[in-house]
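Chain residues, written in single-letter form:
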Amino acid sequence: MSELESEAMEAEFGTVARWTEEAVRALGPGYAVPAGCRGSGSEGALRWLADRLALGPGSRVLDDGAGVGGPAGWLAAERGIRAVCAEPMHAAAGAAARLFGLPSVTALAQQLPFADDTFDAAWCLGVLCTTTQKAEALAELRRVLRDGGRLGLLVFVADRPLPPPLPEGNEFPTEPELRGLLAAAGLRLAETAAADLGDSPAEWSQRADVVDDEVARRHGADPRWAEAQEQSRRVGRLLSDGALRAWLGVATAEPRADLRRDARDT
Ligand SMILES: C[S@@+](CC[C@H](N)C(=O)[O-])C[C@H]1O[C@@H](n2cnc3c(N)ncnc32)[C@H](O)[C@@H]1O
């Protein structure tokens, strides 16, 4: 195992990322965004977040845990903004660069290779539930955002103890835990919503399925494909049972001077 917290996640986010890139290359560039949006999964969720990040021409944006770059590719195509992608799986980070021509770096969210105040906005989609180091990841996000910068989040939150079988390596926070972590990191929650992961246009879902079929045709006999499929089936079951829900949030980076004053006063 290299970077992630389970081998099943390495198969899902590393090996399958490489296979997804290969399938998109075979099928054509029109398949890249739907195939590449795997945590975010829905165009409605991306639109809701992008509308709230105060983006403008020249905004410096980070996609933290970018996967193969589908959401950042969507942002470039729809809003004309070229986000920087950071992603710990080297194959996925490379795919984001090759499929979407975006700047991309192999990096964990808890160790971002950027100076303080580098970004005006960031989003982090389906990532916090894949790491136990949520506080460290959020502290890094706060550090690389300028004062007042916006953060968009998609997090799968658990309202009650989850029934097995659980996806390996995931750690789903409760909403109160998530709110506490954001506040502790100096990120003030401004707005939340429930994400409807099924609200993408039919063509988007069809294209994602075509890419899955192509990956299965090429690699269906590989046990890592079955392992990755089982991981996403488990998440899907928890979502459809209502044990997990897809939570969207937008937070603002508290000014550093206020954070220092609060720390002094406590
Ligand atoms: C469900 S996928 C979401 C990918 C992408 N954000 C999207 O919406 O399509 C979760 C991603 O988080 C990445 N990841 C896992 N642990 C991470 C960590 N500690 N720091 C940053 N990214 C991480 C995985 O490699 C994977 O690409």
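Conventions used here
- Residues numbered from 1 in each chain as written.
- Predicted model: local features only at pLDDT ≥ 70, side-chain atom pairs only at ≥ 80, totals over all residues.
- Heavy atoms only, no water.
- Helix = DSSP H or I, 4+ residues; strand = E, 2+ residues; numbered from the N terminus.
- Contact = heavy atoms within 4.5 Å.
- Axes fitted to C-alpha atoms, helices over the stretch in contact; angles between N-to-C directions.
- Parallel < 35°, antiparallel > 145°, perpendicular 65-115°, else oblique.
- Left-handed = near helix turned anticlockwise from the far one by under 90°.
- Nonpolar A, V, L, I, M, F, W, Y, C, P; charged D, E, K, R; others polar.
- Phe/Tyr/Trp six-rings, centres within 6.5 Å; stacked < 30°, edge-to-face > 60°.
- Buried < 20%, exposed > 50% of the residue type's maximum accessible area, 1.4 Å probe, protein only.
- Lys NZ or Arg CZ within 6 Å of the ring centre and 35° of its normal.

- Under the annotation held in an unreviewed UniProt entry, the protein chain carries the name Methyltransferase domain-containing protein and is attributed to Geodermatophilus sabuli.

**Digging into the side chain of Glu140**
Consideration 1: Along the chain, Glu140 turns up in helix 6 (residues 134-144).
Consideration 2: When near neighbours in sequence (up to four residues on either side) are disregarded, Glu140 contacts Ala109, Gln110, Gln111 and Leu112.

**Overview of the packing of helix 1 (residues 7-27) against helix 8 (residues 202-219)**
Any two packed helices are characterised by the angle at which their axes cross and by the distance between the axes.
Consideration 1: Packing of helix 1 against helix 8 brings their axes to within 9 Å, and their N-to-C directions diverge by 110 degrees. By the criterion of interaxial angle, the relationship of helix 1 to helix 8 is roughly perpendicular. Of the two possible hands of crossing, helix 1 and helix 8 adopt the one that is right-handed. Contacts between helix 1 and helix 8 pair Trp19, Thr20, Glu22, Ala23, Val24, Ala26 and Leu27 from the former with Val210, Val211, Glu214, Val215, Arg218 and His219 from the latter.
Consideration 2: Taken together, the residues of the contact of helix 1 with helix 8 break down into 8 nonpolar, 2 polar and 3 charged.

**Observations concerning the packing of aromatic side chains**
Two measures describe an aromatic ring pair: the distance that separates the ring centres and the angle between the ring planes.
Consideration 1: For the coordinates displayed, the defined rule picks out 1 aromatic pair.
Consideration 2: For the pair Phe114 and Phe119, a centre-to-centre distance of 5.0 Å together with 85 degrees between the ring planes defines the contact as edge-to-face.
Consideration 3: With relative accessibility at 16%, the residue Phe114 sits in the buried group.
Consideration 4: The aromatic ring of Tyr31 is capped on one face by Arg207, whose charged end is 4.7 Å from the ring centroid.

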